[in-house]
Amino acid sequence: MSVVGAQEIAELRRHHLAALAYEAEARGLRWRLAGPEESVLGVAHPVTRRQVMVVATPSGDGWSYLWTGGGIADVGNVTRVADRLVRILT
């Protein structure tokens with residue numbers, strides 16, 4: 001993988017994580033980007049204080065979200081993923 005390829009992947013990863021962060025915030029969750037090149041999204045419920053870590057990773061011909069506890073979903077389902085995170089953290 002070239003440096004340009006790695007930079008493009010990092011940008012796409014941040015884009016997908018930012019989209020999920022937006023949806024999570026719209027549902028009352030808190031979030032922050034962490035890790036090298038902001039490669040991990042931490043999401044927390046403000047009342048229960050439960051937390052989950054989410055990554056976005058290339059998979060097959062697209063991208064997937066992976067989160068602690070064995071969760072996996074296509075990034076095209078970002079609203080559904082945010083709804084699932086609310087249920088997990090409540």
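Below or above, wherever it landed, is the structure these notes cover. (Residues numbered from 1 in each chain as written. Predicted model: local features only at pLDDT ≥ 70, side-chain atom pairs only at ≥ 80, totals over all residues. Heavy atoms only, no water.)

### As for the overall build of the protein chain
Phase 1: Across its full length, the protein chain holds two helices and five strands.
Phase 2: Starting at the N terminus and walking to the C terminus, you meet the elements of the protein chain as α-β-β-β-β-β-α.
Phase 3: For a compact globule of 90 residues, the expected C-alpha radius of gyration is about 12 Å, and the protein chain comes in at 13 Å, within 12% of that figure.
Phase 4: Projected onto the principal axes, the alpha-carbon positions of the protein chain cover approximately 45 × 25 × 20 Å.
Phase 5: When the 90 residues of the protein chain are sorted by exposure, 37% land in the buried category.
Phase 6: Taking as baseline every contact in the protein chain between residues at least 6 positions apart, the subset at least 24 positions apart corresponds to 38%.
Phase 7: About 5,500 Å² of surface is accessible on the protein chain, with carbon and sulfur atoms providing 53% of the total. (Helix = DSSP H or I, 4+ residues; strand = E, 2+ residues; numbered from the N terminus. Rg over C-alpha atoms; globule rule 2.2 N^0.38 Å. Buried < 20%, exposed > 50% of the residue type's maximum accessible area, 1.4 Å probe, protein only. Contact = heavy atoms within 4.5 Å. Areas by Shrake-Rupley, 256 points an atom, 1.4 Å probe, with all protein chains shown as cover.)

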